[in-house]
Amino acid sequence: MNRWLAEIRRLDPERDAQRIVFLDSNVEFPWDTQRALELAFFRTYAVPSIAELLASTGELTERARRRYDDTRLLMSALGEYGWDGELGRQALRRINRIHARFEIGNDDYLYVLSALALEPIRWNARFGWRPLVENERQATYVFWREIGRRMGIRGIPSSLDELDAFNTAFERDRFAFTEAGRSLAKATLGLFRGRRLAVALLDEPLCRALGLPRPSPRERTAAEAAVRGRAALVRRLPPRRRAVFRTLERHRTYPHGYEIAQLGPPDATVRLSRSAP
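Conventions adopted
- Residues numbered from 1 in each chain as written.
- Predicted model: local features only at pLDDT ≥ 70, side-chain atom pairs only at ≥ 80, totals over all residues.
- Heavy atoms only, no water.
- Axes fitted to C-alpha atoms, helices over the stretch in contact; angles between N-to-C directions.
- Helix = DSSP H or I, 4+ residues; strand = E, 2+ residues; numbered from the N terminus.
- Parallel < 35°, antiparallel > 145°, perpendicular 65-115°, else oblique.
- Left-handed = near helix turned anticlockwise from the far one by under 90°.
- Contact = heavy atoms within 4.5 Å.
- Nonpolar A, V, L, I, M, F, W, Y, C, P; charged D, E, K, R; others polar.
- Salt bridge = Lys/Arg side-chain N within 4 Å of Asp/Glu carboxyl O.
- Buried < 20%, exposed > 50% of the residue type's maximum accessible area, 1.4 Å probe, protein only.
- Phe/Tyr/Trp six-rings, centres within 6.5 Å; stacked < 30°, edge-to-face > 60°.
- Lys NZ or Arg CZ within 6 Å of the ring centre and 35° of its normal.
- Expected span 1.5 Å × (residues − 1).

A.B. asks: Sorry if this is basic, but what is going on with the packing of helix 1 (residues 3-10) against helix 2 (residues 17-28) here?
C.D. replies: Angle between the axes and distance between the axes: these two values describe a pair of packed helices. Two numbers describe how helix 1 lies on helix 2: the axes approach to 10 Å, and their chain directions differ by 165°. Between helix 1 and helix 2, the crossing angle belongs to the class labelled roughly antiparallel. Judged by the twist between their axes, the crossing of helix 1 over helix 2 is left-handed. Facing Trp4, Leu5, Glu7 and Ile8 of helix 1, the residues of helix 2 in contact are Arg19, Ile20, Leu23, Asp24, Val27 and Glu28. Residues that form the contact of helix 1 with helix 2 fall into these classes: six nonpolar, no polar and four charged.

Shown next as structure tokens:
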């Protein structure tokens, strides 16, 4: 057992959720976490009320790269610093300020929260280089539950299983095709290399709702084999020695650094430090 997993097993998922999520997101599964969170946001395009709102701003269709990078940085700040760390608090305030400009239903907020919590768990079950232990699964739920509470989201299910049931029912009842969803999906896919590979990893209900071409069985098999092959390689490598901090990396959109205020409407001016905590 590597030392990170040994630490995770010793921690309490309720009390130490921020630490466990940090270890998963930035040490044990940094690549997988990014892919899963990308998929979580991609799924929101299949919900008509969410897609129409996102498309109406023009941000994701006209400035897709910047909006993608902004979202990635805000999510990374939460994963790296939690809701207690200074940069995590700044990111959470920025997220709340961005969303406060719009009328968003509580169920839509709750669905997005459920996708952010569940997609890393589901991705791991399909493609993880090792399975998550129960501490990790429960800590992921607790982490996003607490983020949701700090966003004022009401009616958050009281367990991971209940959150999963809500998510499944919501997608069954609400996924539907819209031109807005298709345009958002097209703009986002344009950012990725291997677009067909990315589409082949999406489930059929999601592809239908987004108006994407149905991948062939051969494409699905090839895409899943590629991701599982990566997992097999990682499994043979020694444990990662240090954490990945994406908030400290240079980004194409912000080659000279950035401020939290830039990740949305300009008002706050808190600069991200380029030194790890």
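Once you've had a look at it, read on.
A.B. asks: I keep staring at the pattern of salt bridges and nothing clicks. Help me out?
C.D. replies: In a structure, side chains of opposite charge can pair up when their charged atoms sit close to one another. Overall, the coordinates contain 30 salt bridges when judged by the stated rule. For the salt bridge of Glu179 with Arg182, the shortest nitrogen-to-oxygen distance reads 2.6 Å. Taken as a pair, Glu179 and Arg182 lie in helix 11 (residues 179-189) at a separation of three residues, close to a single helical turn. Look at Glu179 and you get partly exposed, because its relative accessible area is 49%. In this structure Arg182 comes out as partly exposed when scored by relative accessible area, which is 33%.

A.B. asks: Which parts of the structure should I look at to understand the packing of aromatic side chains?
C.D. replies: How two aromatic rings sit relative to each other is given by the distance of their centres and the angle of their planes. In total, this model carries twelve aromatic pairs according to the counting rule given. Site record: aromatic cluster; members linked through ring pairs are Tyr111, Phe166, Phe170 and Phe175. The ring of Trp4 has Arg3 sitting right over it, with the charged end atom 3.9 Å from the ring centre. Here Arg130 stacks its cationic end above the ring of Trp129, 5.6 Å away from the centre of that ring.

A.B. asks: Help me out: how do you make sense of the environment of Thr140 in this one?
C.D. replies: Along the chain, Thr140 turns up in helix 9 (residues 134-150). Overall, the relative accessible area of 9% leaves Thr140 in the buried class. On a C-alpha basis, the gap between Thr140 and Ala232 in space is 24 Å, while along the polypeptide they are 92 residues apart. Once you skip the residues sitting within four places of it in the chain, Thr140 turns out to touch Val21, Ala117 and Ile121.

A.B. asks: When you look at helix 7 (residues 86-100) in this model, what are you seeing that I'm missing?
C.D. replies: Over its 15 residues, helix 7 runs 21 Å from end to end, which matches the ideal 21 Å to within 8%, given 1.5 Å per residue. Listed in full, the buried residues belonging to helix 7 are Leu87, Gly88, Gln90, Ala91, Leu92, Arg94, Ile95 and Ile98. Buried residues along helix 7 sit against helix 6 (64-81) and helix 9.

A.B. asks: How should I be thinking about the packing of helix 8 (residues 106-127) against helix 9 in this particular structure?
C.D. replies: Closest axis-to-axis distance for the helix 8/helix 9 pair is 9 Å, and the angle between their directions is 165°. With respect to their mutual orientation, helix 8 and helix 9 come out roughly antiparallel. Note on packing geometry: the crossing formed by helix 8 with helix 9 is right-handed. Only Arg137, Thr140, Trp144 and Gly148 of helix 9 make contact with helix 8, whose side of the interface consists of Leu113, Leu116, Ala117 and Ile121. Its residues assigned to classes, the contact of helix 8 with helix 9 shows five nonpolar, two polar and one charged.

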